[in-house]
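Topology and contacts: notes
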Amino acid sequence: MNNKMPRTPFSTPLSGSARETELRLKNIFSGPKKRPPVLFLALMFSLCVFCGNLVSCQIAGPESFNGPVPESPDTSNAVRPVDDWQPVTLENNITYGSFYGSSEAVYEEPRFQILTELPADELPREAVELQHATRQDFWRDMLLPVAADEEADVTLYFAVDPDTMSADRMDDLIILQELTPIGVVLRHGNLAQFLDLNWETHWRYGANPWLAVEDFDGDGKPEAAIALGWGSGTGVDAQCLYILDLDVSYPSPPYLPYSSINYGSLPLEIFTNPEGTAAQLLSGGQELEVDLSELKEFFPTTAAVGDVVRFFCDGGQLYCQLDVDFSGFATAYLARGIFPVRYEDDTYCLGPAVLLTDDLLDERSLP
């Protein structure tokens, strides 16, 4: 920050060497001095006026420089931080993936053995709304189809512990919270694979996940993308995105490899003004200024992302929604960024934001 005071014709320098300070003090306390003769003053005044005229004649315009005057660069499209604004530390708390840790039990406990060699041709294809699911909708009291792409022949199932299913509720609506989730199953054609991925939010609120099948990595072959909510509560709505290769499998048992996003380098910069009352967000060609005046001393000079993370697919393009918290306690979400998911250098990552907004009800930013 530049704390230098601006100079004006009326400015009086208050700093200098010790010698200058000593002379000033002596002049103050030494009393009035004899004035020089009037004729001498008149002579000196005339000389100053004459010299001033000479100097004024020597002032040259820009055309006197050697070569043309350099033009100012065109910065109309440049996005850069405001002068004297300081960078804000951005805490990246995004979770790559969330798991139940049930894989070991699936391969060791007899009631889960069916998940190691799933008969894909027996599994139901059509998705069921979680809020209207009955016991009859479950396959062997264990798998419930919750999302499907009929054209791609892909179905996503939620997997639960069959021992937690009530035997006397064949036709009644299932109370999902009474069941114990253990993971998911993804079926593609005649291949079905169990994965111990966490779907806690869907279990708690009875909301179906979404499934998208597209060529997300540009190799000419389809992948399946699923977004599963694993964390929810006050100031928290967190999802994880998993992208599975449908054309690749490994035997004994069949395994569908999946990828998560590499969040190591977020394309987002944040700056704050010296007073801490405003923040500027920059990402690619997007720029947003946010009012922080209501936070006052509660702004901890850091911002965080990771507690509100959502994904959606629009026109075959995956997007990540990140809400930015300026309080440090997941209580002051004052900005939102929408970032496209890209496939670069053999990994999925986030590209520069296509939208930065402080209107969290902006329809353009809602899945």
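How each quantity is defined
- Along each chain, residues carry numbers from 1 onward, in the same order as the chain's sequence is written.
- Only residues with pLDDT of 70 or above have their local features reported here, since the model is predicted, and side-chain atom pairs are shown and tallied only from 80 upward, although totals for entire chains, interfaces and linings are computed over all residues.
- Calculated side-chain values reflect all of the structure's heavy atoms, with hydrogen atoms and water omitted.
- Here a strand is any run of E in DSSP of at least two residues, a helix any run of H or I of at least four, and the numbering for each starts at the N terminus.
- Each residue gets one of three labels from its accessible area relative to the maximum for its type: buried under 20%, exposed over 50%, partly exposed in between, using a 1.4 Å probe on protein chains only.
- It only takes one pair of heavy atoms within 4.5 Å for two residues to be counted as in contact.
- Computed with a 1.4 Å probe, the accessible areas rest on the Shrake-Rupley method; for each residue, only the protein chains presented here act as cover.
- For this analysis, a nonpolar core means a set of buried residues of the types Ala, Val, Leu, Ile, Met, Phe, Trp, Tyr and Cys, connected via side-chain atoms within 4.5 Å.
- Two strands pair if DSSP finds at least two bridges between them.
- The quantity known as pLDDT measures the predictor's confidence residue by residue, on a range of 0 to 100.
- Working convention: axes come from line fits to C-alpha atoms, limited for helices to the stretch in contact. Angles between N-to-C directions cover 0 to 180 degrees.
- When a carboxyl oxygen of Asp or Glu is within 4 Å of a side-chain nitrogen of Lys or Arg, the pair counts as a salt bridge.
- A patch is a set of surface residues, each over 30% in relative accessible area and not in a salt bridge, joined within 9 Å for like charges and within 5 Å for the nonpolar side chains Val, Leu, Ile, Met, Phe, Trp and Tyr.
- The charge count includes Lys and Arg as positive and Asp and Glu as negative, but it does not include His or the ends of the chains.
- One atom stands in for each charge, and that atom is NZ of Lys, CZ of Arg, CG of Asp or CD of Glu.
- Whenever a nitrogen or oxygen atom comes within 3.5 Å of another N or O atom, the pair is scored as a polar contact, on the condition that within protein one atom can donate a hydrogen and the other can accept it, and that pairs from neighbouring residues in sequence are kept only if both atoms are in side chains.

**Some details on the overall build of the protein**
Each helix and strand in the protein was counted, giving 4 helices and 19 strands. Across the 367 residues in the protein, those meeting the buried criterion constitute 40%. In the protein, of all internal contacts separated by at least 6 residues, the share reaching a separation of at least 24 is 56%. Summed over its atoms, the accessible surface of the protein is roughly 21700 Å², and 53% of this surface lies on carbon and sulfur atoms.

**What about the nonpolar core?**
Leu241, Ile270, Leu281, Leu322, Val324, Phe326 and Leu350 are the most contacted members of the largest nonpolar core, which totals 36 residues. Ranked by residues supplied to this core, first place goes to strand β16 (residues 317-325) with 4 residues. When near neighbours in sequence (up to four residues on either side) are disregarded, Leu350 contacts Ile261, Tyr263, Leu266, Pro267, Cys320, Leu322, Phe339, Pro340 and Val341. Formed by 30 residues, the second largest nonpolar core is a distinct cluster that contains Leu144, Leu179, Val184 and Ile226.

**Topic: the environment of Glu122**
With respect to the helices and strands, Glu122 occurs in the loop between α3 (103-108) and β3 (143-149). Judged by its relative accessible area of 45%, Glu122 falls in the partly exposed class. On a C-alpha basis, the gap between Glu122 and Asn190 in space is 9.5 Å, while along the polypeptide they are 68 residues apart. With residues up to four places along the chain from it excluded, the contact list for Glu122 reads Trp139 and Arg140.

**A closer look at the sheet that holds strand β1 (residues 86-87)**
As summarised here, the arrangement of the 4 strands in space is β1-β11-β12-β13, forming an open sheet in which the pairing is antiparallel. Either end of the sheet is taken by a strand with one partner, and the two such strands are β1 and β13 (286-291).

**Remarks on the confidence of the model for the protein**
Per-residue confidence for the protein gives a mean pLDDT of 78, with 71% of residues at or over 70. Segment residues 47-78 is flagged for pLDDT under 50; beyond a separation of four residues in sequence, or across chains, it makes 2 contacts in the model.

**Quick notes on the sheet that holds strand β5 (residues 181-188)**
Taking strand neighbours across the sheet as the criterion, the 4 strands line up as β3-β4-β5-β6 in an open arrangement whose pairing is antiparallel. Two strands close off the open sheet at either side, each with one partner strand: β3 and β6 (191-195). Each neighbouring strand pair of the sheet contributes to a mean axis angle of 20°, computed without reference to strand direction. The pairing of strand β4 (residues 154-160) with β5 spans 7 bridges and is classified as antiparallel. Across the sheet, the residue bridging to Thr155 is Arg187, located in β5.

**Some points on the pattern of salt bridges**
Once their charged atoms are close, side chains differing in charge can pair, the charge on each being opposite to the other. Evaluation of the coordinates by the stated rule reveals 10 salt bridges. In this structure, the salt-bridge partner of Arg140 is Glu122, at a minimum N-O distance of 3.6 Å. Here the residue Arg140 occupies a position in the loop between α3 and β3, and Glu122 occupies one in the loop between α3 and β3, the gap between them amounting to 18 residues. Counted as one network, the salt bridges with shared partners bring together Glu109, Arg111, Asp161 and Asp163.

**Some details on a negative patch on the surface**
Together, Glu287, Glu289, Asp291 and Glu294 line one region of the surface with negative charge. Tracing the backbone shows Glu294 in the loop between β13 and β14 (302-305). Looking at Glu294, the relative accessible area reads 74%, which means it is exposed.

**Quick look at unusual backbone geometry**
Positive phi outside glycine occurs at Asp141, with the angle close to 55°. Looking at the secondary structure, you find Asp141 in the loop between α3 and β3.

**Section: the side chain of Thr116**
In this structure, Thr116 sits in the loop between α3 and β3. Polar contacts involving the side chain of Thr116 include one to the main-chain carbonyl oxygen of Gln113, which spans 2.6 Å.

**A word on the side chain of Gln280**
Summarising the element assignment, Gln280 is placed in strand β12 (residues 278-283). Gln280 gets classed as buried once you look at its relative accessible area, which sits at 2%. Separated by 2.5 Å, the side chains of Gln280 and Glu287 make a polar contact.

**Details of the pairing of strand β9 (residues 236-245)**
Of all 10 residues making up β9, 7 are buried, and the element is well covered by its neighbours. Direction of pairing for strand β8 (residues 223-233) relative to β9: antiparallel, over a ladder of 10 bridges. Looking at β9, one finds that Ala227 is bridged to Leu241. Where β8 folds back on β9, the antiparallel hairpin that results is connected by 2 residues, among which Gly235 adopts a positive phi of roughly 75°. Pairing analysis gives 2 bridges linking β9 to strand β15 (residues 308-314), with the strands arranged parallel. Counted as the bridge partner of Asp237 is Val308 from β15. Note that β9 and strand β10 (residues 258-259) share 2 bridges and pair antiparallel. Bridge pairing in β10 links Leu244 to Tyr258.

**Description of the environment of Glu223**
Along the chain, the position of Glu223 falls in strand β8. Distance in space between the C-alpha atoms of Glu223 and Ala152 is 9.9 Å, their sequence separation being 71 residues.

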